[in-house]
Structure formats: structure tokens, C-alpha cells
Amino acid sequence: MSKFAITYWQNRLDKLRAAHHVPGAALAVVIDGQVHELASGVLHRGTGVEVTTDSVFLCGSIAKVYTATMIMQLVDEGKLDLDAPVIDVLPEFAVPDPEATKTITTRQLLSHTAGLTNDFNYDSGRGDDCLAKFVEAAREVPQDCPTGTTFSYGGIGYVVMGRMIEVLTGLTWDQAVTERLAGPLGLERTVTLPEQALKFRTAMSHLGEPGADPDPAPEWDLMPRSVAPAARIISSAGDMARFAQMHLAGGIAQDGTRVLCASGTVAMQRREVDCPDKWTVSGDGQGLGWVLNNWNGVGGFGHDGAAIGQYGYLRVIPSAKMAIVLLTNGGGARQLYSDLFRELLAELAEVTMPDPFAPPANPPAIDITPYAGTYKRAGVVVTVSEQDGKPHMLYEFVDSMAGMSPPLSIDLIPVSADPASKDTVWAGTGAGPSFSEGYMPVIFSMLANGVPCVIVGTRATPKAD
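Just so you know, these numbers come straight off a predicted model, no measurement behind them.

Basis of the calculations
Residues numbered from 1 in each chain as written. Predicted model: local features only at pLDDT ≥ 70, side-chain atom pairs only at ≥ 80, totals over all residues. Heavy atoms only, no water. Helix = DSSP H or I, 4+ residues; strand = E, 2+ residues; numbered from the N terminus. Rg over C-alpha atoms; globule rule 2.2 N^0.38 Å. Buried < 20%, exposed > 50% of the residue type's maximum accessible area, 1.4 Å probe, protein only. Contact = heavy atoms within 4.5 Å. Areas by Shrake-Rupley, 256 points an atom, 1.4 Å probe, with all protein chains shown as cover. Lys, Arg positive; Asp, Glu negative; His and termini not counted. Charge placed at Lys NZ, Arg CZ, Asp CG, Glu CD. Axes fitted to C-alpha atoms, helices over the stretch in contact; angles between N-to-C directions. Parallel < 35°, antiparallel > 145°, perpendicular 65-115°, else oblique. Left-handed = near helix turned anticlockwise from the far one by under 90°. Salt bridge = Lys/Arg side-chain N within 4 Å of Asp/Glu carboxyl O. Core = buried A, V, L, I, M, F, W, Y, C linked by side-chain atoms within 4.5 Å. Expected span 1.5 Å × (residues − 1). Pairing = 2+ DSSP bridges. Phe/Tyr/Trp six-rings, centres within 6.5 Å; stacked < 30°, edge-to-face > 60°.

1. Focus: the overall build of the protein chain
Looking only at helices and strands, one finds 12 helices and 21 strands in the protein chain. The C-alpha atoms of the protein chain give 21 Å as radius of gyration, which agrees with the globular expectation for 465 residues (23 Å, within 12%). Taken along its principal axes, the extent of the C-alpha atoms in the protein chain is 55 × 50 × 45 Å. The buried share of the protein chain, taken over its 465 residues, is 58%. Taking contacts inside the protein chain between residues at least 6 apart in sequence as the whole, the part at least 24 apart equals 61%. Accessible area for the protein chain stands at about 17500 Å²; split by element, carbon and sulfur atoms hold 51% of it. Averaging the positions of the 34 positive and the 52 negative side-chain charges in the protein chain gives two centres separated by 3 Å.

Structure below.
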């Protein structure tokens, strides 16, 4: 295994970042027990302020792993049973199905098997009671699939767990991140609130068309405070690498402080469920918070995050005692991740990442007709049809998610069909390089209750007609 050649990797980061039109990026690599930090480009194309290693970025859904870690701390402390109903801690928690309300467990929330949906972007205000109000509002949001039957990525569950952390610690979720994680780990550039981010060199979000330099977004971040346990950690790449290093070290910080018991870190990395979509987040399984992968026999874990023009990628290879963090502020971030991580993992960990998802040279003949129709879940409507004689999908954000992103008009190319499960896999075009390296996986499947669904971005959306 080679040592980290900082000049070489700085040059590769600079070159690949520019090639993929990413305005700014920060990279941190844990190898041989050390954290190496690099920076490239600008925080804001309008001001030209350069990215430095102490710059902070919006990290989106990587926040889920921080929430999961605090949940496991509470398990360590004997304050929480993963397999007890959530209502034992939060009597006010509910879903429209009364039986599911009684049975949904914290383990199911952690592993995305509770059936709760993802895109419920409810703004319950800026007060310290925002999570309590969110949980109350979410009581009326339908589940995407039956509890305990399948994996479907669901952010609501992580907000619920954020509220559980508040009830069991007496802290707000934001305070808990500071006191239970950032403080013990010495993470001086890990915060959760916009007013805290202003203390640092902060990356601006950028938006634009694929293949061109993006422009600064109209607003830095559109997400309300209430979704933070699922979607808002603000961090430097180095701080996130030190967080990952603690998980590599069995729950121990660099200074020897125990942050999480060893069994807790192992449990988080243990496979709870397989994922039908094995490509979108580079993983084919789900642990307790962590997305799990197996690349040519080498196991690893990690998580991705997106936050309106900012994209983060965290990958950990335990056998190599290695972690990589890439934080970006727009452009072809997914392509930068793919190219850069493929090189880093091959050179430093002898790991071969899978090739980017794409249809075969000669796609199979699969009729789109059985899958045509409208699919709905909270915040999203997916319409599958033929357009100009070709299979087509329109992916739209609605209701509380309206305006978060323009509709995605996607042509579908058949990839494979599994006669045993009746699942079919398609490759979607035109989703943009921040969603995939070139093609978006689209899987048509069947839920346990017999309702057809389409899986996009690891989220199952049931058919409505």
C-alpha cells in the first residue's frame, strides 16, 4: 500500500475538479492513521474566494450517520432499545396506519425499513421546538411501503430519531451534535446552523447545466431547520474524516476519548437489509445508518449527501484502515467523485470500484407498457409513459418539495430483467452529472402488499393508477 503523495493527489484533484466543472472541492484522506487534507478551486464563483482546508460545506444526508451515531450512544447508555416501538419514547409518533404506528422500531428507522417516506420538507420554523412540530405534522404522511418489508430511503425516520435524541438527552439535536460528537472528537468546524457556519470560510451552492461552469445559486440553502437530523451537517472535509476515523477505530477519538462503544460501531456496519438499487449511492446493503458496499470482495461503508448544489461523499474501507471524504459546491460532482475515488482506492487500498452504471451495448427488449402510469409519494410524482415512441419518465417535485429542483425529463433504456423477482432495471438519461456519472438507475418492482413501485434514488414510489 502506497503512502499518500500529497503533491500528486493535489494535482489530480485540481485537474479533475476543473474537468468536471466543479467550482470548489475539499478532500480528506485517512491513511496510515493520519488525516491528509487538500483543497481546490473557489468557494464562490462570484467572489473568487478560494477553498482552503478549513472551509466548510453543506453535507446534506451525511447528517444521517451523525444522527445514527448518537442513537447508538443512547443504546450504549441503556436509554434506548433498538427493537422496542418508537412510541415507547415518543408517544406522539404516528403514521396513518394504526398497526404500523404500534410496531415501528428504531432499528427500522435506522435501516430505512419502516416504510417512511423521504421528501417531506416540512418547515416547522426556526424555534427549538421545530423537531417536535415536524413529528406532529408527519403523522398524516402516508408510508411508501409496508413496515419491515423492504428498503426504501426515508428521511422522516431520521427526523423522528432526532426528536428521540432530544427527549432522551434534554438537548436540542443541534446541541447534541456539539456536546456528544463535535466536542469529544475535537471537531472545531462541524456545526448545524447557518449562523454558526458564518464563523468560517463557507462554500456557496452553485447550480447550472451539465458540462458547463455553474453559477452561484439564488440561495445558499433552502432546507428548513426541522430536517437537519436527516439533511444538515455543515463540516470541513477534515472534520468529517476524523468522524469517520472514530468509526474505524471502534468508537475511539484520536486523543483516546471513547465516543461510542466498539459493539456499537460494529452494529452500525452490520448488514440489516439488501438494497434493490445497488448503484445510486455505491452500496448494495444498509446497516444502522451506514450504506454498505462490497467491491470485488472488499467490504466498506459510507454515505452520500446533497444540499441544493452541494454534494458530499464519504467512503470507508476498514481492511485498509482508510477513509475518504470529498465535499463539493456544484457542477459535475458525481463524476469527480467517481474518477477521483476510483484512483485513490486503487492506489491506496488496492480496491477496484465498479464501473459506472450504464446500459449494455445491446439493450434487451423490454416493453414499458406494463410499467406505464403515475407513481406518487409525499413530495414526488413520477409519470412513466412512451414519448416519441421511446420509454420515458418525468420526475417532479410537488407539495412541500415544490421548487426544490426543476422536473427531470428522462428517457429510459432497458438494462436487465429478473424473472424470479419480476424486477426490471432501466437506465435513465438526462438526470445530470450530480445524480449519476451519466445514467440514473430506475428499477420497477413490486411491494410486499402487491402494489407496483418504481425505485429512483433508492426511494420506492408506489403506483397510484
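The discussion continues.
2. As for the packing of helix α2 (residues 63-76) against helix α11 (residues 262-269)
Running from amino to carboxyl end, α2 crosses α11 at an angle of 135°, the nearest separation of the two axes being 10 Å. The angle between α2 and α11 falls in the class oblique. Seen from above, α2 lies across α11 with right-handed handedness. Taken together, the residues of α11 that come into contact with α2 (itself represented by Val65, Ala68, Thr69 and Met72) are Gly264, Ala267 and Met268.

3. Description of the pattern of salt bridges
Where charged atoms of side chains with opposite charge meet at close range, the side chains can pair. Here the structure, examined in full by the defined rule, presents 22 salt bridges. The shortest N-O distance in the salt bridge between arginine 242 and glutamate 37 comes to 3.5 Å. Residue arginine 242 is found in helix α10 (residues 237-248), and its partner glutamate 37 is found in strand β2 (residues 34-41); the two are separated by 205 residues along the sequence. One continuous salt-bridge network, built from bridges that share partners, spans Glu37, Asp239 and Arg242.

4. Here's the deal with the nonpolar core
Core analysis: the biggest nonpolar cluster contains 90 residues, and Ile104, Leu110, Val160 and Phe243 have the highest contact counts within it. Once residues within four sequence positions are removed from consideration, leucine 110 is found in contact with Ala68, Ile71, Met72, Leu82, Tyr158, Met161, Gln286, Gly287, Leu288 and Gly289. Counting 29 residues, the second-largest nonpolar core is a separate cluster that includes Leu27, Ile31, Ala320 and Ala333.

5. What about helix α6 (residues 155-169)?
The end-to-end C-alpha distance of α6, which contains 15 residues, comes to 21 Å, matching closely the 21 Å that a straight helix rising 1.5 Å per residue would cover. α6 sits mainly inside the fold: 12 of its 15 residues count as buried. Residues of α6 that are buried make contact with α2, α4 (106-110), α5 (130-137), α7 (173-185) and α9 (228-231). Looking at the residues trailing α6, positive phi occurs at glycine 170, about 75°.

6. Topic: the sheet that holds strand β15 (residues 380-387)
The eight strands lie next to each other as β14-β15-β16-β17-β18-β19-β20-β21, forming an open sheet whose pairing is antiparallel. Two strands close off the open sheet at either side, each with one partner strand: β14 (373-377) and β21 (459-462). Going from strand to strand, the sheet's axes swing by 30° on average, the running direction of each strand aside. Examined bridge by bridge, β14 and β15 share five bridges and lie antiparallel to one another. Pairing of tyrosine 375 across the sheet is with valine 382, part of β15.

7. Details of the pairing of strand β18 (residues 423-428)
With six of six residues buried, β18 is to be regarded as a mostly interior element. The side-chain alternation of β18 yields two buried faces, one formed by Asp423, Val425 and Ala427 and the other by Thr424, Trp426 and Gly428. Of the pairings in the sheet, the one linking strand β17 (residues 408-418) to β18 comprises six bridges and is antiparallel in character. In the sheet register, proline 414 faces β18, and the bridge partner there is tryptophan 426. Pairing analysis gives five bridges linking β18 to strand β19 (residues 440-446), with the strands arranged antiparallel.

8. Remarks on the sheet that holds strand β7 (residues 234-235)
The three strands are arranged β3-β7-β4 in an open sheet whose pairing can be described as antiparallel. Pairing within the sheet leaves two strands with one partner each, and these edge strands are β3 (57-58) and β4 (190-191). One ladder, built from two bridges, connects β4 with β7; its direction is antiparallel. Residue pairing in the sheet places valine 191 in a bridge with isoleucine 234 of β7.

9. Some details on the packing of aromatic side chains
Tallying each qualifying case throughout the model produces 15 aromatic pairs. Seen from their ring centres, tyrosine 122 and phenylalanine 134 are 6.3 Å apart, and the 65° between their planes marks the pair as edge-to-face. Taken together, the positions of tyrosine 122 in the loop between α4 and α5 and phenylalanine 134 in helix α5 put the pair 12 residues apart, joining distant regions of the chain. Since its relative accessible area comes to 1%, phenylalanine 134 is described here as buried. Taken together through their ring pairs, the aromatic side chains of Tyr371, Tyr375, Trp426 and Phe444 make up a single cluster.

10. Describing unusual backbone geometry
Backbone geometry at glutamate 350 places phi at a positive 55°, although glycine is not the residue there. Here glutamate 350 lies in the loop between α12 (333-349) and β14. The exposure class of glutamate 350 is exposed, given its relative accessible area of 64%. Phi angles above zero are rare outside glycine, and threonine 458 is one such case at about 70°. Along the chain, threonine 458 falls in the loop between β20 (452-456) and β21.

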